[in-house]
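Below are the chains, spelled out letter by letter.
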Amino acid sequence: MEILSRVAGSFAGLWRHRRRPHNDEHISRNHANADDREPNAYQVAKYLQCNPEFLDTYVMDEIQLEQLERWMIRKTQRSRKVTQSVSKNGRKTSLSRWKFCVHADKRQMLQDLIHSLQLRPTKMHVLWELASCICSAVNADGFRLYLTDASDADALHLCLSNSFIDENGDPKPLRIKSDAAIPNYVAKTREPIRFSKGDDDQRFNKDVLDKSEMAHVMCQPIVYPDGSLVAVLELWRRDCGSPFYEEDEEIGCSYLVWGGIAIHYAHLNLVGLKQRKLNDFLLAVVKSIFQDMVSMDMLVSKVMNFAQRLVDADRASLFLVDSKSKELYATIFDVGCDEKTAMNENENELNKAPKEIRFPLGTGIAGQVAMTGEILNIVDAYADSRFNRTIDQITGYKTESILCMPIFIRGNIIGVVQMVNKRSGYFSKEDEEAFEMFAVYCGLALHHAKLYDKIRRSEQKYRVALEVLSYHNTCSESEVEHCLVEGIPLKIPGIDSYDFSPFVIDDFQKAIYSVFMFKDLFGLSRFDKTSLIRFTLTVKKNYRRVPYHNWTHGFSVANTMYSIIKNCPHVFRPNECLALFIGSLCHDLDHRGKNNKFMLDTESPLAAIYSTSTMEHHHFNQTVTILQQEGHNIFSKLNSNEYKQVLSLIKHCILATDLALFFPNKDKLSKLVDNEQFSWTVAEHRMLIQTIAMTGADLSASAKPWAVQTETVKVIFAEFYDQGDEEKKAGRQPIAMMDRDQPEQQAASQLGFLNGICIPCYTLLHRLIPETKPMLTMCNENLERWQQISHDNQKKAQQQS
């Protein structure tokens, strides 16, 4: 009647604004005056009571849905009882006060639901609240909740009922496997069911409800938003109640729409909490394992202790795989945290001197896991034929449940962790998932522990090797004494000439002359004479006996740099001169007679260490290694800043001898000179002229007199041919100038070398340092000689053809 009154009131209000037109064919002109009179609400209500069909048609056609919903909300709120439904123990249920209908205040319902989830966001609590709410909304006498089992998706378990709550008013879960026909059918089909005693339904027996107090049943599936089943809700009424109708089913479905979201939220919250705990645990594992990685045994003990805590196991064992012998082995076998199961005295002795346990792959549970790579979760160990009872018989310990999992690194099984006897129940699927993640960190830790052991052993081997190498690659004290006794000459005629020949003196004299040049340039006030001699003799010893890049070449380059500095005393600053001379002396230390391309092509270990300027980086590192040896640091009296600056400049100078860098350096410097932008005050410009000076000194054999030039070319090609032979052995065809079967290419290759590199280098050097003109002049003379030889070779070839 209240809704009718509201409609009548609306009709009365609308009457004032919606009069029919005067030409309406359905209204007589005789009743025009009557139409002008406004009916009161009573008259309209009386008319609507007598004409319900008109009311129904008018409401359906004319009233907006929003207006109807507002009416229904006001109607529901006015008629709702203030009292709340109270459960048997007096606990108030926040959700069960909602008497649902299709026009209920959904916003308020959702707010209350969110508030409930914030207070207790657990899956069980949400399910219980939701079931209680629906039970109250449809006026059912009771409910039961059947939950799915993660380990058996086809089985339902009676888990919650409105009859079972604990002292705090929380749902008390049961674990009773159910064979109820109707809930199981709903679980399989995901379809709601309504059933009453005596109903003729082919899906169920007529007497399915005879043995219970339930006369009428309604079952509905509760699903996650993705459609997976959470539970089945069973609502029931006694004989005195009416059957469940379609409206009851709609009410339940409407609740379950929101309830599914709430359950999903609760599930995500639970997963998040568990994941956070697991992450915190794994973080503690990583910190502990990687911060205190002392030994493999210590790491194994930590891994097993953490594993026990993770799955609440009584004992733990970790076996490593020996891939060579196809065995599992362990030195720390059975770790437990129970004082009552402590080792006896004999076992304590074994702990002091642990014995290694070994057994073949495929033996026992751990052996099976190591062989197959599959996780084994065994509830009853003695009922499993793969279980080896021998250990239990020896120790007297009873194994009941086992969780055994492989540890992988790069797809290979490196170990197996075996957990024994979960303290509360059995190892679950969640234990497996958590432990599987833990096993990843175990694998990393074990892998790094092995690497750490290898590195530690390699470090000791390296120290031994370094001691051996330093003994054999360091000059002897007798050589130092011999040099000191012979003394450093006060003067060496012609040594500062660009024409000086390195072939006129022996290797020991070259070392004496090198010390003389150093002393002549820098004096000995800031350098120790004995250290200088020892350093020079060791540098001599570290040049290999290859045809060209040997000690003679190193001395010759240092002599040319000495001549440049000596003849141009004010061009370079003191520390630059020091770096240029030492860099020249050491620029080819430990050269193997092969170029950088060969090192890359053959995948040399040096190429793996230095991807660019391979040999040049190695030469610098050898220089630093010699400086670090006892009694060899010629820069020990320099202050810290000077020491760093000199070392940096030495590296710059040695790397500049890579001909691959010559061309970009030449182009940059030539552009500056051509544009008259070069300045000796700009640090970058000074660095560029240093690189050109280093290249000029390195190629100085091309600027020596013809006799020295030809002798040098002879050993250069001997080294080239050695590399070409190695390339042929590797199945590659060497370039023409490195092929000993093409000796006629020597003159042509020298022409290309002089024209393409040497002449441009000395021309640019002469423009900036005019005192280097003799090098350019001699290089041009040698070029003419090679041109003549090339011309003669061509004539001979033409005559022979």
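The structure displayed is predicted, hence computed values, not measured ones.

*Asks:* Could you clarify how one ought to interpret the overall build of the protein in this entry?
*Replies:* Within the protein, the secondary structure is distributed over 28 helices and 13 strands. Expressed as a percentage of its 801 residues, the buried residues of the protein come to 45%. Sequence separation of 24 or more characterises 67% of the internal contacts of the protein that already satisfy a separation of 6 or more. In the structure as shown, the protein presents an accessible area of about 43500 Å², 52% of it carried by carbon and sulfur atoms.

*Asks:* Help me out: how do you make sense of the UniProt feature "binding site: Zn(2+) 1" (unreviewed entry) in the protein in this one?
*Replies:* In this numbering, the UniProt entry assigns the feature "binding site: Zn(2+) 1" (unreviewed entry) to His553, His587, Asp588 and Asp698. Across 146 residues, the annotated set stays spatially compact, with a maximum C-alpha separation of 9.7 Å. On the basis of relative accessible area, His587 is assigned to the buried category, the value being 0%. Tracing the sequence through the fold places Asp698 in helix H25 (residues 683-698). You can call Asp698 buried: its relative accessible area is 12%. Asp698 has contacts with Tyr548, His553, Val557, His587, Asp588 and Thr657, leaving out every residue within four places of it along the chain. Looking at Asp698, its side chain comes within polar contact range of the side chain of His553, at 3.0 Å.

*Asks:* Just checking my understanding: could you explain helix H23 (residues 640-655) for this structure?
*Replies:* Spacing of three or four residues puts side chains on the same side of an α-helix, whose turn is 3.6 residues. Given a rise of 1.5 Å per residue, 16 residues ought to cover 22 Å, and the 23 Å separating the end C-alpha atoms of H23 matches this to within 8%. Along H23, the residues that are buried comprise Glu642, Val646, Leu647, Leu649, Ile650, Cys653, Ile654 and Leu655. Check the buried side of H23 and you find it contacts helix H19 (574-586), helix H22 (614-628), helix H24 (659-674) and H25. Capping of H23 at its N-terminal end is provided by Asn639; its side-chain oxygen lies 3.2 Å from the backbone amide nitrogen of Asn641.

*Asks:* Whenever I open this one, H22 confuses me. Can you help?
*Replies:* Spanning 15 residues, H22 covers 22 Å between terminal C-alpha atoms, matching the ideal 21 Å at 1.5 Å per step. Counted residue by residue, H22 has twelve buried out of 15 residues, so it is predominantly covered. Among all positions of H22, only Thr614, Met615, Glu616, His617, His618, His619, Phe620, Gln622, Thr623, Val624, Ile626 and Leu627 are buried. Each element contacted by the buried residues of H22 is listed here: helix H17 (529-541), H19, helix H20 (596-601), helix H21 (605-609) and H23.

*Asks:* Quick question: what am I supposed to make of unusual backbone geometry here?
*Replies:* Residues apart from glycine generally show negative phi values, whereas peptide bonds are mostly found in trans. If you check the backbone angles, Glu603 has positive phi at about 55° while not being a glycine. Along the polypeptide, Glu603 turns up in the loop between H20 and H21. Phi angles above zero are rare outside glycine, and Ser613 is one such case at about 45°. As for its placement among the helices and strands, Ser613 is situated in the loop between H21 and H22.

*Asks:* How should the UniProt feature "active site" (unreviewed entry) in the protein be read in this particular structure?
*Replies:* Within this numbering scheme, the UniProt entry marks His549 as carrying the feature "active site" (unreviewed entry). The topology assignment puts His549 in the loop between H17 and helix H18 (551-567). Residue classification places His549 among the buried positions, given a relative accessible area of 16%. Not counting residues up to four positions away in its chain, the partners in contact with His549 are Tyr543, Arg544, Asp588, His591 and Glu719. A distance of 2.4 Å separates polar atoms of two side chains, one belonging to His549 and the other to Glu719.

*Asks:* Explain the pattern of salt bridges here, please?
*Replies:* When charged atoms on two side chains of opposite charge get close, those side chains can pair. The tally for this structure, following the rule as stated, stands at 28 salt bridges. Between Asp141 and Arg238 there is a salt bridge, with its nearest N and O atoms 3.9 Å apart. A residue pair is termed long-range when its members are at least 10 positions apart, and Asp141 in the loop between helix H7 (123-137) and strand S1 (142-149) and Arg238 in the loop between strand S6 (229-237) and helix H9 (246-291) qualify at 97 residues. Classification of Asp141 as partly exposed rests on a relative accessible area of 31%. Look at Arg238 and you get partly exposed, because its relative accessible area is 35%. Close ionic contact of Asp725 with Arg740 constitutes a salt bridge, the shortest N to O distance being 2.8 Å. Separated by 15 residues along the polypeptide, Asp725 in helix H26 (residues 706-729) and Arg740 in the loop between H26 and helix H27 (745-768) bring together distant segments of the chain.

*Asks:* Looking at this structure, how should I read the nonpolar core?
*Replies:* Nonpolar side chains in soluble globular proteins generally cluster together in the buried interior. In this structure, Val539, Phe572, Leu578, Ile582, Phe635 and Tyr762 are the most contacted members of the largest nonpolar core, which totals 96 residues. No other element matches H27, which puts eleven residues into this core. For Ile582, the contacting residues outside a window of four places in its chain are Phe518, Phe535, Ile634, Phe635 and Ile650.

*Asks:* What's the story with the pairing of strand S8 (residues 327-330) in this structure? I'm lost.
*Replies:* The two faces of the sheet receive side chains in turn, since in a regular strand these alternate between them. In this sheet, S8 lies alongside strand S7 (residues 313-322) in antiparallel orientation, the contact comprising three bridges. Opposite Val321, over in S8, you have Leu328 as the bridge partner. In this structure, S8 lies alongside strand S10 (residues 357-360), joined through four bridges in antiparallel fashion. Directly across from Ala330, in S10, lies its bridge partner Ile357.

*Asks:* Please explain the packing of H24 against H27 as it appears in this structure.
*Replies:* Two numbers describe a pair of packed helices, the interaxial angle and the distance between the axes. Between H24 and H27, the least distance of the axes is 11 Å, while the angle of their chain directions is 40°. By the angle class used here, H24 and H27 are oblique. Judged by the sense of rotation from one axis to the other, the crossing of H24 with H27 is left-handed. The segment H24 lies against H27, with Leu659, Phe662, Phe663, Lys666, Leu669, Ser670, Val673 and Asp674 engaging Gly756, Ile757, Pro760, Cys761, Leu764, Arg767 and Leu768. Split by residue class, the contact of H24 with H27 holds ten nonpolar, two polar and three charged.

*Asks:* Help me out: how do you make sense of the packing of aromatic side chains in this one?
*Replies:* Both the distance between ring centres and the angle between the ring planes are used here to describe each pair of aromatic rings. If you walk through the whole model with that rule in mind, you get 19 aromatic pairs. Measuring from centroid to centroid gives 6.4 Å for Phe500 and Tyr513, while their planes differ by 50°, and the two rings are tilted. Remark: Tyr513 occurs in helix H16 (residues 507-522) and Phe500 occurs in the loop between helix H15 (477-486) and H16; sequence separation between them is 13 residues. Owing to a relative accessible area of 11%, Phe500 belongs among the buried residues under this scheme. When its relative accessible area of 16% is taken as the criterion, Tyr513 is described as buried. A network of ring pairs unites the aromatic residues Phe518, Phe522, Phe527 and Phe581 as a single cluster.

*Asks:* Looking at this model, I keep getting lost on a positive patch on the surface. Mind explaining?
*Replies:* Judged by side-chain charge, Lys324, Lys454, Arg457 and Lys461 come together as a positively charged surface patch. With respect to the helices, strands and loops of the structure, Lys324 is situated in the loop between S7 and S8. Overall, Lys324 belongs to the exposed group, its relative accessible area being 82%.

*Asks:* Would you mind showing me how to read the packing of H18 against H25 here?
*Replies:* Close contact between H18 and H25 brings their axes to 8 Å; oriented N to C, the two are set at 130°. As the angle between them shows, H18 and H25 are arranged oblique. Relative to H25, H18 is oriented so that their crossing is right-handed. Between H18, through His553, Val557, Thr560, Met561 and Ile564, and H25, the contact on the second element is made entirely by Ala693, Met694, Ala697 and Asp698. Split into classes, the residues belonging to the contact of H18 with H25 amount to six nonpolar, two polar and one charged.

*Asks:* How should I be thinking about the confidence of the model for the protein in this particular structure?
*Replies:* Averaged over every residue, the pLDDT of the protein is 80; the share at 70 or more is 79%. Overall, residues 14-35 carries pLDDT values under 50, and its contacts beyond four positions in sequence, including any with other chains, amount to twelve contacts. Across residues 80-106 the pLDDT falls below 50, and counting only partners more than four positions away or on other chains, this stretch makes 49 contacts in the model.

How each quantity is defined
Along each chain, numbering runs from 1 in the same order as the chain's sequence is written. Predicted model: local features are reported for residues with pLDDT of at least 70 only, side-chain atom pairs are reported and counted for 80 or more only, and whole-chain, interface and lining totals are derived from all residues. Only hydrogens and water are removed before side-chain values are computed, so all heavy atoms of the structure are retained for them. Per the convention used, a helix needs a DSSP run of H or I reaching at least four residues, while a strand needs a run of E reaching at least two, with both numbered from the N terminus. Each residue gets one of three labels from its accessible area relative to the maximum for its type: buried under 20%, exposed over 50%, partly exposed in between, using a 1.4 Å probe on protein chains only. Contacts between residues were defined by any pair of non-hydrogen atoms, one from each residue, lying within 4.5 Å. Accessible surface is estimated by sampling points in the Shrake-Rupley manner with a 1.4 Å probe; for residues, cover comes only from the protein chains shown. UniProt positions are given in the numbering used here, feature names are shortened, and annotations may be inferred rather than shown by experiment. Polar contact is the term for a pair of N or O atoms within 3.5 Å; when the atoms are in protein, one must be able to donate a hydrogen and the other to accept it, and sequence-neighboring residues count only if both atoms are side-chain atoms. Helix span is expected to be 1.5 Å times the residue number reduced by one. Put simply, a salt bridge is a Lys or Arg side-chain nitrogen that is within 4 Å of an Asp or Glu carboxyl oxygen. For this analysis, a nonpolar core means a set of buried residues of the types Ala, Val, Leu, Ile, Met, Phe, Trp, Tyr and Cys, connected via side-chain atoms within 4.5 Å. When DSSP finds two or more bridges between a pair of strands, those strands are recorded as paired. To get an axis, fit a line to the C-alpha atoms, keeping to the stretch in contact for a helix; angles then go from 0 to 180 degrees between the N-to-C directions. Roughly parallel here means an angle under 35 degrees, roughly antiparallel means over 145, roughly perpendicular means 65 to 115, and every remaining angle is called oblique. Crossing handedness is defined as follows: a turn of the near helix away from the far one that is anticlockwise and smaller than a right angle gives a left-handed crossing, while the clockwise case is right-handed. Under the scheme applied here, ten amino acids are nonpolar (Ala, Val, Leu, Ile, Met, Phe, Trp, Tyr, Cys and Pro), four are charged (Asp, Glu, Lys and Arg), and all others, including Gly, are polar. Here is the rule: rings of Phe, Tyr and Trp (six-membered ring for Trp) pair when centre to centre is within 6.5 Å. Planes less than 30 degrees apart are stacked, more than 60 are edge-to-face, and the remainder are tilted. Patches here: salt-bridge-free residues with over 30% relative accessible area, like charges joined within 9 Å, nonpolar side chains (Val, Leu, Ile, Met, Phe, Trp, Tyr) joined within 5 Å. Counting rule applied: Lys, Arg positive; Asp, Glu negative; His and chain ends not counted. Where a charge lies is defined by one atom per residue type: Lys uses NZ, Arg uses CZ, Asp uses CG and Glu uses CD. Scored from 0 to 100, pLDDT records how confident the predictor is in each individual residue.

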